[in-house]
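Here is how the chains run, residue by residue.
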Amino acid sequence: MIYYKTNEEIELMRQSNLLVSKTLAHIAEILKVGKNSKQIDKSAEEFIKDHGGKPGFKGYRGFPATLCMSINDAVVHGIPSDRVFTETDIVSIDCGVVLNGFYGDAAFTFAFKNITPEVRRLLKVTRESLYKGISAAVIGNRVGDISFHIQHYCEKIHGYSIVRELVGHGVGRNLHEDPEVPNFGQRGKGPILKDGLVLAIEPMVNLGVRGVKQLNDGWTILTKDGKPSAHYEHSVAIRKDGPDILSDHSYIDESIKKNDEIVDISINL
Ligand code: MG
Ligand code: MG
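Throughout what follows, the structure given in this document is the object of discussion. Given the structure is predicted, the values throughout are model-derived calculations rather than measurements.

1. Focus on the pairing of strand β9 (residues 198-201)
Point 1. Because side chains alternate across β9, one face comprises the buried residues Val 198 and Ala 200, and the other comprises Leu 199 and Ile 201, equally buried.
Point 2. When strand β7 (residues 168-170) meets β9, the two strands line up antiparallel, connected through two bridges. Note that in β9 the partner of His 169 across the bridge is Ala 200.

Structure follows, in structure tokens:
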């Protein structure tokens, strides 16, 4: 079942996604070597509640935390822990909130300052691929057009691997709505994109092989070869005048500029 949103609903979803964006920006200010992901998670939960929202992931199918925090070879769905951050870590942070009955959903991979150029390039390309996908999120296209653009950019042009087991999704009153939005696929295939459809577009891109495995915690998805993986996500409304990105990574970029322990992964749009 695909739910198309009204103008009013899309404005409510913009508010939900603004809170997600500001929460991720708050995280970007407090991420430091020597802290652990549980501390960040606790602070994010307080931030969301202080701003009138509810954590969207906590309790979802039993997930135990506010944030998914996936470090280095973890792709997504990492559970915050006592493990302390080091200056060569990357951490993909996925944040969901519920506000006014609607979910916001966005993600960003942060990098501490001593990552290798190779890893920095993975992050930059993954972030760029998100916008390649969004550029195809227009009325009359199909989901496969979004999928194709992401896959082509990451695999054909840059030689990375797209994770197949996890995909983007519709989002609204439910965290996961139809349709699925794979990060791989063929142009002109899949459901048609119509006005009012809101999609969470979220490339998950591996430096090495595309295969993944699940940790025995029942949640964390790891790359099969132990190489790093990156994840960037926006919630995007399909509108008559083009894709309307409801989440806003610019808040995060501003915070990163003020935190000298985190690398600026800027891209030209
Ligand atoms: Mg997400
Ligand atoms: Mg999502």
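Okay, back to it.
2. Some points on the coordination of the magnesium ion (ligand 1)
Point 1. Those protein atoms acting as donors to the magnesium ion (ligand 1) are Asp 94 (OD), Asp 94 (OD), Asp 105 (OD) and Glu 233 (OE), and they sit at 2.0 to 2.5 Å.
Point 2. Along the chain, the residues donating to the magnesium ion (ligand 1) fall in the pattern D-x10-D-x127-E.
Point 3. Here the magnesium ion (ligand 1) and the magnesium ion (ligand 2) are spaced 3.1 Å apart, with Asp 105 acting as a shared donor. Of the two residues, Asp 105 sits in strand β5 (residues 102-111) while Glu 233 sits in the loop between β13 (229-231) and β14 (234-239), which places them 128 residues apart along the sequence.
Point 4. By relative accessible area, Glu 233 is classed as buried at 0%.

3. As for the pairing of strand β4 (residues 90-99)
Point 1. Among the ten residues of β4, ten are classified as buried, and the element is accordingly described as predominantly covered.
Point 2. Taking every second residue as pointing to the same face, both faces of β4 are buried, with Ile 90, Ser 92, Asp 94, Gly 96 and Val 98 on one and Val 91, Ile 93, Cys 95, Val 97 and Leu 99 on the other.
Point 3. One ladder, built from two bridges, connects strand β1 (residues 54-55) with β4; its direction is antiparallel. Following the sheet pairing, Pro 55 is matched in β4 by Val 97.
Point 4. Sheet topology note: the strand β2 (residues 67-71)/β4 ladder contains five bridges and is antiparallel. Residue Leu 67 lies in a different strand from β4, and its bridge partner there is Cys 95.
Point 5. Relative to β5, β4 is paired through ten bridges, and the arrangement is antiparallel. By the bridge assignment for β5, Val 97 is matched with Gly 104.

4. A closer look at the coordination of the magnesium ion (ligand 2)
Point 1. Here the magnesium ion (ligand 2) is held by the protein donor atoms Asp 105 (OD), His 169 (NE2), Glu 202 (OE) and Glu 233 (OE), which lie 2.0 to 2.3 Å from it.
Point 2. Read in sequence order, the donor residues coordinating the magnesium ion (ligand 2) give the pattern D-x63-H-x32-E-x30-E.

5. A look at the packing of helix α1 (residues 7-30) against helix α2 (residues 37-50)
Point 1. Between α1 and α2, the shortest axis-to-axis distance is 10 Å and the interhelical angle comes to 140°. The orientation of α1 with respect to α2, classified from their angle, is oblique. As α1 packs across α2, the resulting crossing turns out to be right-handed. Touching Leu 19, Lys 22, Thr 23, His 26, Ile 27 and Ile 30 of α1 are Ile 40, Ser 43, Ala 44, Phe 47 and Ile 48, all from α2.
Point 2. Its residues assigned to classes, the contact of α1 with α2 comprises seven nonpolar, three polar and one charged.

Calculation notes
Residues numbered from 1 in each chain as written. Chains lettered and ligands numbered in written order. Predicted model: local features only at pLDDT ≥ 70, side-chain atom pairs only at ≥ 80, totals over all residues. Heavy atoms only, no water. Buried < 20%, exposed > 50% of the residue type's maximum accessible area, 1.4 Å probe, protein only. Helix = DSSP H or I, 4+ residues; strand = E, 2+ residues; numbered from the N terminus. Pairing = 2+ DSSP bridges. Donors = N, O, S within 2.8 Å, 3.2 Å for Na, K, Ca; no water. Axes fitted to C-alpha atoms, helices over the stretch in contact; angles between N-to-C directions. Parallel < 35°, antiparallel > 145°, perpendicular 65-115°, else oblique. Left-handed = near helix turned anticlockwise from the far one by under 90°. Contact = heavy atoms within 4.5 Å. Nonpolar A, V, L, I, M, F, W, Y, C, P; charged D, E, K, R; others polar.

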